[in-house]
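What follows is each chain in one-letter form.
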Amino acid sequence: MNIVITGATKGIGKAIAEAFAEDKQGHTFYLCARNETSLQVIGKELQGRFPRTNIFTRVCDMSERESVAAFAAWILQAADKIDVLVNNAGIFIPGSVEQEEEGSLEKMMAVNLFGSYHLTRALIPVMKKNNSGHIFNICSIASLKAYSNGGAYSISKFAFYGFSQNLREEMKPYGIKVTSVLPGAVLTDSWSGFDNSSKRIMEASDIAKLVYAASFLSPQACVEEILVRPQLGDL
Ligand SMILES: NC(=O)c1ccc[n+]([C@@H]2O[C@H](COP(=O)([O-])OP(=O)(O)OC[C@H]3O[C@@H](n4cnc5c(N)ncnc54)[C@H](OP(=O)(O)O)[C@@H]3O)[C@@H](O)[C@H]2O)c1
C-alpha cells in the first residue's frame, strides 16, 4: 500500500507509521514534518527496523500553502495510487478565547485544518481515479465538546471534524473511505512533563492499532468514527 502520514516523526503519527510498517507485506510511506533532522532519523529508524518497507520523507510545513502543494506534487510524481492518507499533523496551544496569545486561532487553524484540507484536495483525484483510498482525520475529543482552556485548539478541532464529516458524505460514491479519529488524552510530547506512572492516559500505539484495524475492512464497510478515551475518562 502507499501510505501518506503528516506529522510522522513522533507521537500518534509515528505510532501509526509503525503499526503499518509491521505488516509482512512491505508498504511504501510518504512522511512529512517540519524538522528535517527528525525526518532523517525516523526514515532511517523505520527502514532499519522494517526492511520490507520503503520510507520516503520530505520536509513540509502544513501551515504553509506552497509547502503543502510541493509535498502533494512530490507524492504524486512517485505514486499513482494512494491507499491511506492520515491527516495527523497538529499543534496544541492551550488557552482560553479571552486570554490566549493574539494569533493563536490563525496558527492552529492553519496547521489543524487548512493544511489537511489542501493536502486532501490535492490527493483526492488520484484516489477517485482508482476508486479507492482511505482518509483518516485525527481530530480530538476537543472536536466534540468544549473544555476549559480549549480555546482556539478546540475551535480548530471542531472545524476539522466538520471537514471530516463533510468529506465522508462527499466521498461515498467514489469508493473512498473517510474516518474521523477522536482520541482523548494520549501520551505524546503534547503532554510532556505529565507523570503517567499511574497509566492515566492512553498510549499513541492505542490509536495506531485502531487506525490500522479500521483500514482492513471489506470495501463496503467504513468505520466513520473512532472515539476513544482513557479508561478513567477525560482529565
Ligand atoms: N496527544 C493527545 O493527547 C491528542 C489527543 C487528541 C488528538 N490529538 C491530535 O493528534 C495529532 C498528533 O498529536 P501528537 O500529540 O502525536 O503530537 P506531537 O507528538 O506533538 O507530534 C506532532 C507531529 O506533527 C508534526 N508537526 C507539527 N506541526 C507541523 C506542521 N506545521 N507541519 C508539518 N508537521 C507538523 C511534528 O513534527 P515537527 O515539529 O518537526 O513539524 C510531529 O511529527 C494532532 O492533530 C493532535 O491534535 C492528540
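Okay, so let's go over this structure. None of the values given here were measured: they were computed from a predicted structure. All chains use their own residue numbering, which begins from 1 and follows the written sequence. In keeping with the predicted nature of the model, local features appear solely for residues at pLDDT of at least 70, side-chain atom pairs appear and are counted solely at 80 or more, and the whole-chain, interface and lining totals rest on all residues. In computing side-chain properties, one takes all heavy atoms of the structure into account and sets aside hydrogens as well as water.

1. Re the sheet that holds strand E5 (residues 134-138)
Then step 1. Pairing is parallel across the open sheet formed by 7 strands, whose spatial order is E3-E2-E1-E4-E5-E6-E9. The open sheet has two free edges, formed respectively by strand E3 (54-59) and strand E9 (225-228), since each of these has just one partner strand. Strand-to-strand, the axes of this sheet are offset by a mean angle of 15 degrees, without reference to chain direction.
Then step 2. Here, residues are in contact when the closest pair of their heavy atoms is within 4.5 Å. Between the N-to-C directions of two axes lies an angle of 0 to 180 degrees, each axis being a line fitted to C-alpha atoms and, for a helix, fitted only over the stretch in contact. Only DSSP runs of H or I reaching four residues or more are called helices, and only runs of E reaching two or more are called strands; each is numbered from the N terminus. Sitting on the sheet, helix H3 (residues 65-78) touches strand E1 (2-6), strand E2 (28-33) and E3, and the angle it makes with E2 is about 170 degrees.
Then step 3. Packed on one face of the sheet, helix H6 (residues 204-214) meets E5, strand E6 (177-183) and E9 and runs near 160 degrees to E9. At least two bridges found by DSSP between two strands is the condition for calling them paired.

2. Brief notes about the pairing of E2
Then step 1. Between buried and exposed lies partly exposed: a residue is buried under 20% and exposed over 50% of the maximum accessible area for its type, with that area taken using a 1.4 Å probe on protein chains only. When you tally the buried positions in E2, you get 6 out of 6 residues, the bulk of the element.
Then step 2. A two-sided burial pattern is seen for E2, the buried positions comprising Thr 28, Tyr 30 and Cys 32 on one face and Phe 29, Leu 31 and Ala 33 on the other.
Then step 3. In this sheet, E2 lies alongside E1 in parallel orientation, the contact comprising 5 bridges. When the bridges of E2 are listed, Val 4 appears paired with Tyr 30.
Then step 4. Crossover handedness for the path E1 to helix H1 (residues 11-21) to E2: right-handed. Orient the strands so they point away from the viewer, and a crossover whose first-strand-to-second-strand path over the helix runs clockwise is right-handed.

3. What about the site of the ligand?
Then step 1. Proximity criterion: a residue is near a molecule or strand once any of its heavy atoms comes within 4 Å of it. Every one of the 31 residues lining the ligand counts as a neighbour, but Thr 9, Arg 34, Asn 88, Tyr 153 and Thr 188 are closest to it.
Then step 2. In this structure, Thr 188 approaches the ligand through a side-chain N or O atom, which is 2.5 Å from an oxygen atom.
Then step 3. With the chains in place, 93% of the 890 Å² that the ligand exposes on its own is no longer accessible.
Then step 4. Counting only elements with at least two residues in the shell around the ligand, the list comes to H1 and helix H5 (151-171).
Then step 5. When residues are grouped by polarity, Ala, Val, Leu, Ile, Met, Phe, Trp, Tyr, Cys and Pro land in nonpolar, Asp, Glu, Lys and Arg in charged, and all others, Gly among them, in polar. Across the shell around the ligand, the residue classes break down as 15 nonpolar, 11 polar and 5 charged. N or O atoms within 3.5 Å of each other form a polar contact, as long as, within protein, one can give a hydrogen and the other can take it, and as long as residues adjacent in sequence are counted only when both atoms are side-chain atoms. Computed with a 1.4 Å probe, the accessible areas rest on the Shrake-Rupley method; for each residue, only the protein chains presented here act as cover.

4. Here we look at the packing of aromatic side chains
Then step 1. Pairing of aromatic rings covers Phe, Tyr and Trp, the last counted by its six-membered ring, and requires centre-to-centre distances within 6.5 Å; plane angles under 30 degrees mean stacked, over 60 mean edge-to-face, and any other angle means tilted. Applying the stated criterion across every chain, the model contains 10 aromatic pairs.
Then step 2. Between Trp 191 and Phe 194 the ring centres are 5.4 Å apart and the planes differ by 75 degrees, which places this aromatic pair in the edge-to-face class.
Then step 3. Given the relative accessible area of 28%, Phe 194 is considered partly exposed.
Then step 4. Among the aromatic side chains, those forming a connected cluster through ring pairs are Tyr 30, Phe 56, Phe 71 and Trp 74.
Then step 5. Sitting over a ring, as applied to charges here, requires NZ of Lys or CZ of Arg to be within 6 Å of the ring centre and within 35 degrees of the ring normal. A cation over a ring is seen here: Lys 128 above Tyr 174, with NZ or CZ 4.2 Å from the ring centre.

5. As for a nonpolar patch on the surface
Then step 1. Patch criteria: residues need more than 30% relative accessible area and no salt bridge. Like-charged residues are merged within 9 Å; nonpolar side chains of Val, Leu, Ile, Met, Phe, Trp and Tyr are merged within 5 Å. Note on definitions: salt bridges are taken to be side-chain nitrogens of Lys or Arg within 4 Å of carboxyl oxygens of Asp or Glu. Where nonpolar side chains cluster on the molecular surface, the patch consists of Val 97, Leu 105 and Ile 155 and spans about 260 Å² of accessible area.
Then step 2. Summarising the element assignment, Val 97 is placed in the loop between strand E4 (84-87) and helix H4 (104-130).
Then step 3. When its relative accessible area of 63% is taken as the criterion, Val 97 is described as exposed.

6. Some thoughts on unusual backbone geometry
Then step 1. One non-glycine residue, Asn 149, lies in the positive phi region at around 70 degrees.
Then step 2. Within the secondary structure layout, Asn 149 lies in the loop between E5 and H5.

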